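What follows is the residue order along each chain.
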Amino acid sequence: MDLLNEAEAALCPANEPIAEVPNGGAGHYLLGLVYRYTDRRTNAVHHFKQALSLDPLLWTAYEELCILGAAEEAAAVFGEGAAICIQKQYLHHTFASHNSHVSEEDRNLTSSRNLVSAEEVSPRQLKQLSGNNVREVPGSCQGMTTSVRGAGQPPNGVYHLSLYNTPSPIATQFSAAAPPPLCRNLQPNGSNTSTAAADSSPRSTINSTIQAPRRKFVDEGKLRKISGRLFSDSGPRRSTRLAAEAGANAGTNAASVAGNGTNNSSKYLGSSKLSSAAFRSVTVRKVPNWANENFDEGMRNEVFDDCRSNIVSGAGALPSVDNKALDQEGATMPCSGVLLNNSKVLTGTAEILSLLRLFGEGYRLSCMYRCQDALEVYSKLPHKHYNTGWVLSQVGKAYFELVDYLEADRAFSLARRVSPYSLEGMDVYSTVLYHLKEGMKLSYLARELISTDRLAPQSWCAIGNCYSLQKDHETALKNFQRAVQLDSKFAYAHTLCAHEYVALEEFENGIRSYQSALRIDSRHYNAWYGLGMVYLRQEKFEFAEHHFRTACRINPSSSIIMSYLGTALHALKRNSEALEMMERAILADRKNPLPMYQKAKILESLESFDEALEVLEELKEYAPRESSVYALMGMIYKRLNMNDKAMLHFGLALDLKPSATDVATIKAAMEKLHLPDELAEDS
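Residues numbered from 1 in each chain as written. Predicted model: local features only at pLDDT ≥ 70, side-chain atom pairs only at ≥ 80, totals over all residues. Heavy atoms only, no water.

Caption draft 1: Spotlight on the overall build of the protein chain. Scanning the protein chain for helices and strands turns up 32 helices and six strands. Out of the 683 residues in the protein chain, the part that is buried amounts to 47%. Partitioning the contacts of the protein chain with sequence separation of at least 6, the portion at a separation of at least 24 is 65%. Element-wise, carbon and sulfur atoms account for 52% of the exposed surface of the protein chain, whose accessible area totals about 35400 Å². (Helix = DSSP H or I, 4+ residues; strand = E, 2+ residues; numbered from the N terminus. Buried < 20%, exposed > 50% of the residue type's maximum accessible area, 1.4 Å probe, protein only. Contact = heavy atoms within 4.5 Å. Areas by Shrake-Rupley, 256 points an atom, 1.4 Å probe, with all protein chains shown as cover.)

Caption draft 2: A look at the packing of aromatic side chains. Counting across every chain of the model gives 15 aromatic pairs. Following the ring pairs from residue to residue traces out a cluster consisting of W59, Y62, F78, F359, Y363 and W390. Between K489 and the ring centre of Y37, over which it is positioned, the NZ or CZ distance is 5.0 Å. (Phe/Tyr/Trp six-rings, centres within 6.5 Å; stacked < 30°, edge-to-face > 60°. Lys NZ or Arg CZ within 6 Å of the ring centre and 35° of its normal.)

Caption draft 3: Fine view of the packing of helix α12 (residues 342-367) against helix α13 (residues 371-378). α13 packs onto α12 with a crossing angle of 165 degrees between their chain directions and a minimal axis gap of 8 Å. Here α12 is positioned roughly antiparallel relative to α13, judged by the angle of their axes. Handedness of the α12/α13 crossing: left-handed. Between α12 and α13, the residues in contact are L358, F359, E361, G362, Y363, L365 and S366 and C371, D373, A374, V377 and Y378, respectively. When its residues are assigned to classes, the contact of α12 with α13 shows eight nonpolar, two polar and two charged. (Axes fitted to C-alpha atoms, helices over the stretch in contact; angles between N-to-C directions. Parallel < 35°, antiparallel > 145°, perpendicular 65-115°, else oblique. Left-handed = near helix turned anticlockwise from the far one by under 90°. Nonpolar A, V, L, I, M, F, W, Y, C, P; charged D, E, K, R; others polar.)

Caption draft 4: Local environment of the state of the cysteines. A full pass over the atoms with the stated rule returns zero disulfides. The cysteine C367 is free of any disulfide, with C66 supplying the nearest cysteine sulfur at 5.1 Å. (Disulfide = S-S within 2.5 Å.)

Caption draft 5: Molecular detail of helix α15 (residues 389-401). With 13 residues, α15 extends 18 Å from end C-alpha to end C-alpha; this agrees with the ideal 18 Å at 1.5 Å per step. All buried positions along α15 are accounted for by G389, V391, L392, S393, Q394, V395, G396, A398 and F400. Those residues of α15 that are buried are in contact with α12, α13, α14 (383-386), α16 (405-418) and α17 (426-435). Where α15 terminates, the next one or two residues include V403, which has phi positive at roughly 60 degrees. (Expected span 1.5 Å × (residues − 1).)

Caption draft 6: Representation of the UniProt feature "repeat: TPR" (unreviewed entry) in the protein chain. The residues that UniProt annotates with the feature "repeat: TPR" (unreviewed entry) are residues 25-58, 457-490, 525-558 and 627-660. Spanning residues 627-660, this segment combines 79% helix with 0% strand, and its end C-alpha atoms are found 12 Å apart. (UniProt positions renumbered as here; feature names shortened; annotations may be inferred.)

Caption draft 7: The arrangement of unusual backbone geometry in detail. Phi is positive for Y369, which is not a glycine, with a value near 60 degrees. Mapped onto the secondary structure, Y369 falls in the loop between α12 and α13. The class for Y369 is buried, based on a relative accessible area of 13%. Even without glycine at this site, N641 takes up a positive phi of about 60 degrees. Take N641: it is sitting in the loop between α29 (627-639) and α30 (643-655). Take N641: its relative accessible area is 61%, and that puts it in the exposed class.

Caption draft 8: Representation of the pattern of salt bridges. Inspection of every chain in the model, using the stated rule, returns 16 salt bridges. Here R364 makes a salt bridge to E361, at a shortest N to O gap of 2.6 Å. Placement of both R364 and E361 in helix α12 is noted, with a separation of three residues, approximately one turn of the helix. The exposure classification of R364 matches that of E361, with both residues buried. (Salt bridge = Lys/Arg side-chain N within 4 Å of Asp/Glu carboxyl O.)

Caption draft 9: Inspection of the nonpolar core at higher detail. With 43 residues, the main nonpolar core has F48, Y62 and F78 as its most contacted residues. Those elements giving two or more residues to this core turn out to be α2 (24-37), α3 (41-54), α4 (59-67), α5 (74-77), α6 (80-112), α12, α13 and α15. Counting residues per element, this core draws most heavily on α12, at seven residues. Setting aside residues no more than four positions away along its own chain, Y62 makes contact with L52, A71, E72, E73, A74, V77, F78, G360 and R364. Ranked by size, the runner-up nonpolar core spans 33 residues in total, among them V502, I511, L565 and I602. (Core = buried A, V, L, I, M, F, W, Y, C linked by side-chain atoms within 4.5 Å.)

Caption draft 10: Focus on the side chain of R523. With respect to the helices and strands, R523 occurs in the loop between α22 (507-520) and α23 (525-537). Of the side chains with opposite charge, D521 lies nearest to the buried R523, which makes no salt bridge, at 6.0 Å. Those residues within four positions of R523 in sequence are excluded, and the remaining contacts are C66, I67, L68, G69, C367, M368, Y369 and I554. (Lys, Arg positive; Asp, Glu negative; His and termini not counted.)

Caption draft 11: Summary view of α13. Taken together, the buried positions of α13 are occupied by C371, A374, L375, V377 and Y378. For α13, the buried positions fall inside an angular range of 160 degrees around the axis, keeping them on one side. Tucked inside the fold, the buried residues of α13 contact α12, α14 and α15. (Arc of directions from axis to C-beta.)

Caption draft 12: How the structure looks around the side chain of E64. Within the secondary structure layout, E64 lies in helix α4. On the basis of relative accessible area, E64 is assigned to the buried category, the value being 10%.

Caption draft 13: The arrangement of the packing of helix α26 (residues 575-588) against helix α27 (residues 593-605) in detail. Packing of α26 against α27 brings their axes to within 9 Å, and their N-to-C directions diverge by 155 degrees. With respect to each other, α26 and α27 are oriented roughly antiparallel. Of the two possible hands of crossing, α26 and α27 adopt the one that is left-handed. On the side of α26, the interface is formed by N575, A578, L579, M582, E583, A585 and I586, while α27 contributes P595, M596, Q598, K599, I602 and L603. Here the residues of the contact of α26 with α27 are counted per class, giving nine nonpolar, two polar and two charged.

As structure tokens, then:
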């Protein structure tokens with residue numbers, strides 16, 4: 001909602017200056033975002049680092065530090081200290097879980113002593129005791145309700161995953177027998193469920209139904225008539241098919257376990273919450289024989305999971321498992337309904353941190369614009385991790401910064417193939433296609449992104465680049481403004497708006513848009529570079545130098561920025577510094593013709609004609625169809641009074657179809673070649 005002051009007040013109340021930030025690492029991360037968006041970089045960096053110290057697996061905090069240019073090496077952040085922190089948190093939470101389960105069991109045992117047996121409870125009493133968080137278990141229950149152990153289960157039992165108690169339609173019958181009375185099998189809090197394979201007794205059964213909302217019972221005969229009328233004319237329903245499959249597999253399937261939702265006693269593995277779908281392996285515990293008999297008679301447990309349900313198979317119907325099987329792999333800890341071995345936690349932690357070190361170091365180097373180093377780090381990733389949408393998008397961005405647009409196009413195309421609905425880096429991909437002048441591919445990409453998410457700024461950036469390629473700058477500007485409207489903190493959209501303003505020669509609006517981008521991200525070097533270009537065109541060379549130099553500090557490997565910085569220095573008559581900067585730009589990218597051309601112009605202004613011609617002859621090999629190269633050579637030959645060579649190079653320049661301004665300049669120089677020297681000098 002962009003209410004940053006209110007957000008800060010909620011996290012750090014003014015009347016409690018020394019109060020602890022709520023929710024640990026996540027709270028510090030949110031506070032860091034508030035400080036970042038309000039241009040308090042030092043405080044933002046502090047809280048992002050604090051978030052990582054509390055939660056070493058909070059990747060987004062490390063991402064923000066990389067964006068701010070304040071991230072440490074990934075090996076230090078995701079190293080041995082992080083592993084120790086994760087292990088301590090795991091042990092702490094599992095120990096707390098163990099104590100809570102034991103205390104819950106004691107409370108259940110105490111309360112069960114005051115309850116009557118199931119035989120003493122009439123249907124009318126059951127009607128008053130029926131629960132809200134319960135479900136119906138059809139089968140031959142013969143008037144007895146089934147108890148399921150939940151959060152109060154002893155530690156040596158199975159801690160089952162929780163599930164949402166989703167209502168289901170009235171189930172059809174297993175056989176010709178009438179539907180049984182409805183069975184209530186959940187505890188009042190409804191936070192944990194299990195199957196009918198848990199230890200049960202009539203006394204504990206009644207305990208599960210106390211303090212529940214009222215629910216009406218239907219007579220067995222009426223229920224059979226109702227269900228017959230409801231389903232007599234229709235095909236077999238899903239519940240019937242599931243019942244048939246359950247009956248067919250009754251000899252091999254032991255128990256079904258489903259988990260969904262958030263458990264009130266869920267724990268952390270390290271500092272990351274175990275979701276209900278994270279682990280599905282459970283151990284079957286010993287059950288009494290009455291469950292076997294009821295299962296053979298047709299009783300089934302409908303435990304649903306919106307993701308999947310796992311079935312633990314055994315040799316027969318609900319086989320007994322020796323408790324020694326629980327100790328085969330050493331001591332275990334109950335954690336969010338799953339028995340985890342400590343050695344597995346150590347192994348998993350090491351694997352996760354080793355991956356995060358590679359991801360983090362590659363991302364950090366990319367944000368520092370050491371793109372070649374970042375590509376080398378990403379290449380060390382395993383094949384299955386490298387060929388993911390996020391990594392391939394980062395690889396494409398790195399090639400884009402290296403001005404290798406063909407490789408960037410290839411990487412982004414692979415990313416689209418792997419993750420066709422991901423928008424990560426698609427704004428940059430559209431700019432890559434813009435530079436390659438791939439109008440058809442850019443138009444197709446824009447249409448695909450809009451069909452995926454028309455409320456994403458990346459989609460509208462792609463459309464804007466498509467119109468900008470067609471020189472329709474006004475329509476392009478409207479699309480970039482739409483991107484800004486959808487996400488005002490999307491810095492690149494502000495920069496693209498500014499580019500269009502400059503193309504329309506609305507320099508003041510362009511400057512404001514560049515400044516808006518810098519307020520969001522002070523390290524967004526594209527905006528610094530854009531401001532430098534505006535001031536260079538306005539011949540404000542001191543301002544231009546300042547902005548180019550700032551952009552160069554952020555991205556020290558950009559040959560283009562160094563070239564324009566040298567141009568600004570040359571305009572300020574600081575030719576020695578300008579030549580030094582051009583040499584650095586040439587070394588940064590040999591394929592970039594701009595710094596070599598600018599160096600030749602500086603040498604020509606210093607009347608070092610021979611050196612300038614040497615540079616231009618070398619440049620012709622890299623840019624053989626660049627008209628400005630031949631035009632400059634013609635100018636130098638003209639000043640050397642080598643009119644034949646000057647005319648030859650002017651003619652070559654015109655053949656390469658230069659811009660209208662360059663055509664006028666070249667033709668004027670050619671006319672002067674036919675005039676006497678005195679008239680040429682006067683003109």
